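Next come the chains, spelled out residue by residue.
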Amino acid sequence: MSRRVFLLGGFNTPFIGKGHPDFVWKNHPDFGKRENPNLEEHLAAAVAGAFAATGVDVEKVDKGYIGNFVGELFCQQGHLGAALAGSYPGLAGKAMTRVEAACASGGLALASAIDAIRAGNDTVLVAGVEVQTTVSAREGADYLARASHYRRQRSIDDFTFPALFGRRTKAYREAFGVTEEDIGRVAVKAYANANKNPLAHMKAKKMDLATAGSVNDKNPCFLQNAEYSPYIKMSDCSQVSDGASACFVVSEEGLKAAGKTFADAIEIVGYGHSTASLYEDGDLTQLWTTKNAAAKAYKATGLAPGDIQVAEVHDCFTVTELLMIEALGFAAPGKGAELVRDGATNIDGRIPVNTGGGLVGFGHPVGATGVKQAVEIWKQMKGLSGGYQVPKTPSVGLTANMGGDDRTVMVTAFRNL
Ligand code: CAA
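How each quantity is defined
Residues numbered from 1 in each chain as written. Predicted model: local features only at pLDDT ≥ 70, side-chain atom pairs only at ≥ 80, totals over all residues. Heavy atoms only, no water. 1 Å grid on protein atoms, 1.4 Å probe; cavity = no way out; pocket = protein on both sides within 12 Å on 5 of 7 lines; lining within 4 Å. Points joined across faces, edges and corners; volume = space filled by probe spheres on them. Nonpolar A, V, L, I, M, F, W, Y, C, P; charged D, E, K, R; others polar. Helix = DSSP H or I, 4+ residues; strand = E, 2+ residues; numbered from the N terminus. Buried < 20%, exposed > 50% of the residue type's maximum accessible area, 1.4 Å probe, protein only. Lys, Arg positive; Asp, Glu negative; His and termini not counted. Salt bridge = Lys/Arg side-chain N within 4 Å of Asp/Glu carboxyl O. Contact = heavy atoms within 4.5 Å. Near = heavy atom within 4 Å. Polar contact = N/O pair within 3.5 Å; in protein donor to acceptor, adjacent residues only side chain to side chain. Sits in = over half its atoms within 2 Å of the grid points. Core = buried A, V, L, I, M, F, W, Y, C linked by side-chain atoms within 4.5 Å. Phe/Tyr/Trp six-rings, centres within 6.5 Å; stacked < 30°, edge-to-face > 60°. Axes fitted to C-alpha atoms, helices over the stretch in contact; angles between N-to-C directions. Parallel < 35°, antiparallel > 145°, perpendicular 65-115°, else oblique. Left-handed = near helix turned anticlockwise from the far one by under 90°. Pairing = 2+ DSSP bridges. Expected span 1.5 Å × (residues − 1). Disulfide = S-S within 2.5 Å.

Caption draft 1: Structural context of the layout of surface pockets. A volume near 980 Å³ is recorded for the largest pocket. Considering the residues around the largest pocket, the lining is formed by 45 residues, among which Ala137, Cys237, Ser238, Gln239 and Val240 are closest to the centre. In terms of residue class, the lining of the largest pocket is built from 24 nonpolar, 16 polar and five charged. By volume, the second largest pocket is sized at about 340 Å³. Along the wall of the second largest pocket there are 19 residues; nearest its centre are Glu35, Asn36, Pro37, Thr133 and Thr134.

Following this line, the structure appears as structure tokens:
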């Protein structure tokens with residue numbers, strides 16, 4: 001019998017970057033007067049926040065995992081296990097490990113912690129961090145392209161990932177007759193949710209359907225790749241964000257050691273992890289690896305798509321949210337847009353998706369995203385989401401974190417006790 005695993009709680013820093021009111025950039029009144037927080041500062045803030053949110057005694061921490069994709073490129077900093085050990089007094093000397101799986105780095109840091117609890121540990125720290133605003137979006141796109149099969153796919157466009165998902169948008173729209181406006185609704189929901197979330201990158205930016213549903217001056221296409229350019233506008237993209245997240249994963253003993261009860265935590269009922277070959281692309285109209293990871297998660301937990309009451313899914317681009325909700329079984333192939341159009345994925349809908357704004361609205365500091373998704377689900381399931389709280393506290397939640405173009409996926413299911 002496997003040991004039970006709990007998410008005791010955690011903390012997200014604000015996710016910031018261009019478009020966030022506090023982010024210092026060329027025309028900001030603070031330009032030249034103060035710096036934006038660096039990687040160390042974001043990480044330290046998230047870890048301190050996780051200790052404060054959970055009351056865990058640092059003495060009790062057995063080990064820690066940190067998700068980060070390309071600290072070496074954006075920040076000239078690798079060896080982030082040691083950075084985690086330095087992020088909070090008393091962590092030095094503990095067993096700390098960095099986990100890398102592109103944008104699923106955070107999700108796999110969480111998986112590592114779950115495995116560690118099942119293997120006999122009691123209190124495991126999970127963190128994720130990325131700082132990406134040290135270079136322009138175009139230069140950063142080259143760094144992020146390391147999550148694709150670089151030798152084969154880098155040349156698709158300077159903005160490799162937006163182009164890869166422009167390619168998916170084209171294939172998906174052609175296969176199912178989905179309109180540009182249908183896709184635009186995903187962005188409108190993301191920004192509307194972010195506007196209710198004080199930690200969101202896009203908390204202050206409004207997005208209406210007139211802007212998101214068609215190309216216009218405020219919302220241009222920006223790819224050079226002529227075939228895919230019409231399928232990706234600025235509003236379809238996740239943000240280039242800086243930020244960090246951290247949480248504690250514990251056993252029943254770890255829960256007791258922190259002086260907490262089941263009522264303070266959510267149970268991590270199980271997960272599915274699937275990895276596809278980097279060298280092949282597969283069917284562009286579905287997320288095969290996500291489907292596979294979801295099938296594993298449902299099998300491991302005995303849950304079915306209809307049981308899920310709140311979900312955080314990897315909307316690296318608007319089309320990805322539709323493909324995700326189909327791969328997770330919330331909608332049939334090609335029918336994800338209908339769910340969004342009907343309001344079923346809204347905060348007050350039947351299956352609320354990305355209530356804090358998702359990667360498009362909340363932001364996407366890539367190594368932090370998988371951890372942030374788990375913290376968001378914990379907040380929703382404990383009634384802690386403030387202005388974007390789901391009206392009826394959910395008792396079953398799910399996260400789906402993706403690396404690359406559906407190459408690595410981690411799907412995790414949570415239950416309120
Ligand atoms: N018309 C045409 N082109 C325009 C334009 C206009 N009106 N305005 C801007 N552009 C072009 C410009 O060429 C500009 O590039 P340069 O300045 O280098 O010439 C380019 O668009 C970007 O403009 P900005 O730099 O002003 O835009 P920004 O900094 O606000 O960035 C964004 C906007 C490019 C959409 C950026 O947010 C972005 O790249 N988002 C996606 C991030 C991403 O790909 N993350 C990874 C997701 S994939 C995943 O999650 C899986 C994984 O493992 C990686």
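Now that the structure is up, let's keep going.
Caption draft 2: Up close: the side chain of aspartate 157. Here aspartate 157 shows up in the loop between helix H6 (150-153) and helix H7 (160-176). Arginine 138 is the oppositely charged side chain nearest to the buried, salt-bridge-free aspartate 157, at an N-O distance of 5.7 Å. Not counting residues up to four positions away in its chain, the partners in contact with aspartate 157 are Ala163, Leu223, Gln224 and Asn225.

Caption draft 3: Spotlight on the site of the ligand. Taken together, the neighbourhood of the ligand is formed by 23 residues, with Lys18, Cys103, Arg138, His364 and Gly404 sitting nearest. In the model, a nitrogen atom of the ligand is placed 3.0 Å from a nitrogen or oxygen of the serine 238 main chain. A distance of 2.5 Å is found between an oxygen atom of the ligand and a backbone nitrogen or oxygen belonging to glycine 404. When atoms are counted within 2 Å of each cavity's grid points, the one that captures over half of the ligand is the largest pocket. At the level of elements, helix H5 (137-144) and H7 are the ones that each hand at least two residues to the shell around the ligand. Sorting elements by how many residues they give to the shell around the ligand places H5 first, with three residues. Partitioning the shell around the ligand into residue classes produces 16 nonpolar, five polar and two charged.

Caption draft 4: Seen up close, the nonpolar core. Formed by 89 residues in total, the largest nonpolar core has its most connected members in Val47, Phe248, Leu328, Phe330 and Val411. Those residues within four positions of phenylalanine 248 in sequence are excluded, and the remaining contacts are Phe6, Leu7, Leu8, Gly9, Ala50, Phe51, Thr54, Val56, Val61, Thr123, Val124 and Leu125. In terms of nonpolar packing, the next biggest core, distinct from the first, is built from 31 residues, Val5, Ala111, Ile117 and Val375 among them.

Caption draft 5: Main features of unusual backbone geometry. The phi angle at asparagine 354 is positive, at roughly 55°, despite the residue not being glycine. Structurally, the position occupied by asparagine 354 is in the loop between helix H13 (336-341) and helix H14 (358-361).

Caption draft 6: Seen up close, the packing of aromatic side chains. Applying the stated criterion across every chain yields a total of ten aromatic pairs. Consider the rings of phenylalanine 51 and tyrosine 88, whose centres lie 3.9 Å apart with planes at 10°: the pair is stacked. In this pair, phenylalanine 51 is assigned in helix H1 (residues 39-54) and tyrosine 88 in the loop between helix H3 (80-85) and strand E3 (95-99), connecting sequence segments 37 residues apart. Ring plane angle 90° and centroid distance 5.1 Å describe the contact between phenylalanine 159 and phenylalanine 222, whose orientation is recorded as edge-to-face. Within this pair, whereas phenylalanine 159 is found in the loop between H6 and H7, its partner phenylalanine 222 is found in the loop between helix H9 (209-212) and strand E5 (243-250), the two being separated by 63 residues in sequence. Grouping residues by exposure puts phenylalanine 159 and phenylalanine 222 together as buried. By the ring-pair criterion, three or more aromatic residues cluster together here, those being Phe51, Tyr88 and Phe248.

Caption draft 7: Geometry of the pattern of salt bridges. A full pass over the atoms with the stated rule returns 23 salt bridges. Across the pair glutamate 253 and arginine 3 runs a salt bridge whose closest N-O atoms are separated by 3.1 Å. Linking glutamate 253 in helix H10 (residues 252-257) with arginine 3 in the segment before strand E1 (6-12), this pair joins segments that are 250 residues apart in sequence. Between aspartate 30 and arginine 34 there is a salt bridge, with its nearest N and O atoms 2.7 Å apart.

Caption draft 8: Geometry of the packing of H7 against helix H12 (residues 318-327). Put simply, H7 and H12 touch, their axes get as near as 9 Å, and they point 60° apart. Accordingly, the angle class assigned to the pair H7 and H12 is oblique. Classified by chirality, the crossing of H12 by H7 is left-handed. Each of Phe165, Arg168, Thr169 and Tyr172 in H7 lies in contact with H12, whose residues at this interface are Val319, Thr320, Leu322, Leu323 and Glu326.

Caption draft 9: Main features of the packing of helix H8 (residues 180-194) against H12. It is the contact of H8 with H12, at a shortest axis distance of 8 Å, that shows an interaxial angle of 95°. Comparing their axes, H12 and H8 come out roughly perpendicular. Packed against H8, whose contacting residues are Ile183, Val186, Ala187 and Lys189, the element H12 presents Thr318, Val319, Glu321 and Leu322 at the interface. The residue makeup of the contact of H8 with H12, split by class, is five nonpolar, one polar and two charged.

Caption draft 10: Here's a closer look at the pairing of strand E2 (residues 63-67). Most of E2 sits out of view: four of its five residues are buried. Pairing analysis gives five bridges linking E2 to E3, with the strands arranged parallel. Across the sheet, glycine 67 pairs through a bridge with valine 99, a residue of E3. Examined bridge by bridge, E2 and strand E4 (residues 123-130) share five bridges and lie parallel to one another. In the sheet register, glycine 67 faces E4, and the bridge partner there is glycine 128.

Caption draft 11: Geometry of H8. Taking 1.5 Å per residue as the helical rise, H8 with its 15 residues ought to reach 21 Å, and the 21 Å between its terminal C-alpha atoms agrees with that figure. By the burial criterion, the buried members of H8 are Asp182, Ile183, Gly184, Val186, Ala187, Lys189, Ala190, Tyr191, Asn193 and Ala194. Next to the buried residues of H8 lie H7, H9, H12, H13 and H14.

Caption draft 12: Up close: the state of the cysteines. Applying the stated criterion across every chain yields a total of zero disulfides. Here cysteine 247 is not cross-linked by a disulfide; its sulfur's nearest cysteine counterpart is in cysteine 103, at 18 Å. Of all cysteine sulfurs in the structure, the one in cysteine 103 sits closest to cysteine 316, which takes part in no disulfide; the separation is 7.1 Å.

Spatial relationships are all this shows, so hold off on functional conclusions.
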